[in-house]
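Next come the chains, spelled out residue by residue.
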Amino acid sequence: MEKIYHIDGLKCQGCADNVTKRFSELKKVDDVKVDLDKKEVTITGNPSKWSLKRALKGTNYELGAEI
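Residues numbered from 1 in each chain as written. Predicted model: local features only at pLDDT ≥ 70, side-chain atom pairs only at ≥ 80, totals over all residues. Heavy atoms only, no water.

J.: I keep staring at the overall build of the chain and nothing clicks. Help me out?
T.: Counting its secondary structure elements, the chain contains two helices and four strands. Along the chain, from the amino end to the carboxyl end, the secondary structure elements read β-α-β-β-α-β. Computed over its C-alpha atoms, the radius of gyration of the chain comes to 10 Å, within 12% of the 11 Å expected for a compact globule of 67 residues. Each principal axis of the C-alpha atoms in the chain carries an extent, and together these give about 25 × 20 × 20 Å. Counting only residues that meet the buried cut, the chain has 33% of its 67 residues in that class. Counted over contacts in the chain with a minimum sequence separation of 6, partners at least 24 positions apart contribute 61%. With the model as given, the accessible surface of the chain reaches about 4,400 Å², and the carbon-plus-sulfur share is 47%. The average position of the 13 basic charges and that of the 11 acidic charges among the side chains of the chain differ by 8 Å. (Helix = DSSP H or I, 4+ residues; strand = E, 2+ residues; numbered from the N terminus. Rg over C-alpha atoms; globule rule 2.2 N^0.38 Å. Buried < 20%, exposed > 50% of the residue type's maximum accessible area, 1.4 Å probe, protein only. Contact = heavy atoms within 4.5 Å. Areas by Shrake-Rupley, 256 points an atom, 1.4 Å probe, with all protein chains shown as cover. Lys, Arg positive; Asp, Glu negative; His and termini not counted. Charge placed at Lys NZ, Arg CZ, Asp CG, Glu CD.)

Structure below.
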């Protein structure tokens, strides 16, 4: 299953790498691709939206709406 979400707060490649790392560590996530220009993340797998939001807790990033 593949889902695309908007990510608020992405500004640079370091931000994208940080988001990729945090999401990749979650169970049920098979692959993560961040599109910095569109400020979107594509997640392959079946994580809950709650777990994705929690993975960004304490960062400057916020999981937005599913696209």
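Back to the write-up after that little detour.
J.: Quick question: what am I supposed to make of the UniProt feature "domain: HMA" (unreviewed entry) in the chain here?
T.: Summarizing the sequence annotation, UniProt attributes the feature "domain: HMA" (unreviewed entry) to residues 1-64 in the numbering used throughout. The span residues 1-64 shows a helical share of 30% and a strand share of 36%, and its end C-alpha atoms are spaced 18 Å apart. (UniProt positions renumbered as here; feature names shortened; annotations may be inferred.)

J.: What should I look at first to understand the pairing of strand E2 (residues 29-35) in this one?
T.: Residues in a regular strand project their side chains so that they alternate between the two faces of the sheet. Here E2 runs beside strand E3 (residues 40-45); their pairing, made up of six bridges, is antiparallel. Bridge assignment links Val34 to a residue of E3, and that residue is Val41. The antiparallel hairpin formed by E2 and E3 contains four residues in its connecting segment, where Lys39 sits at a positive phi of about 55°. (Pairing = 2+ DSSP bridges.)

J.: Got a minute to help me understand the sheet that holds E2 in this structure?
T.: In space, the four strands of this open sheet follow the order E2-E3-E1-E4, with antiparallel pairing throughout. What marks the edges here is a single partner per strand, and that holds for E2 and strand E4 (62-66). Put simply, the sheet's adjacent strands are angled 30° from each other on average, direction ignored. Alignment of strand E1 (residues 2-8) against E3, held across five bridges, turns out to be antiparallel. What sits directly across from Tyr5, in E3, is Val41. Sitting on the sheet, helix H1 (residues 13-24) is in contact with E1, E2, E3 and E4, with an inclination near 165° to E2. (Axes fitted to C-alpha atoms, helices over the stretch in contact; angles between N-to-C directions.)

J.: Looking at this model, I keep getting lost on H1. Mind explaining?
T.: Along an α-helix, residues three or four apart share an orientation, since each turn contains 3.6 residues. The terminal C-alpha atoms of H1 lie 16 Å apart, and with 12 residues this matches the ideal 16 Å at 1.5 Å per residue to within 8%. Buried residues of H1: Cys15, Ala16, Val19 and Phe23, and no others. Seen from one end, H1 has its buried residues packed into an arc of 100°, which puts them on one side. Buried-residue contacts for H1 involve E1, E2, E3, helix H2 (49-55) and E4. (Expected span 1.5 Å × (residues − 1). Arc of directions from axis to C-beta.)

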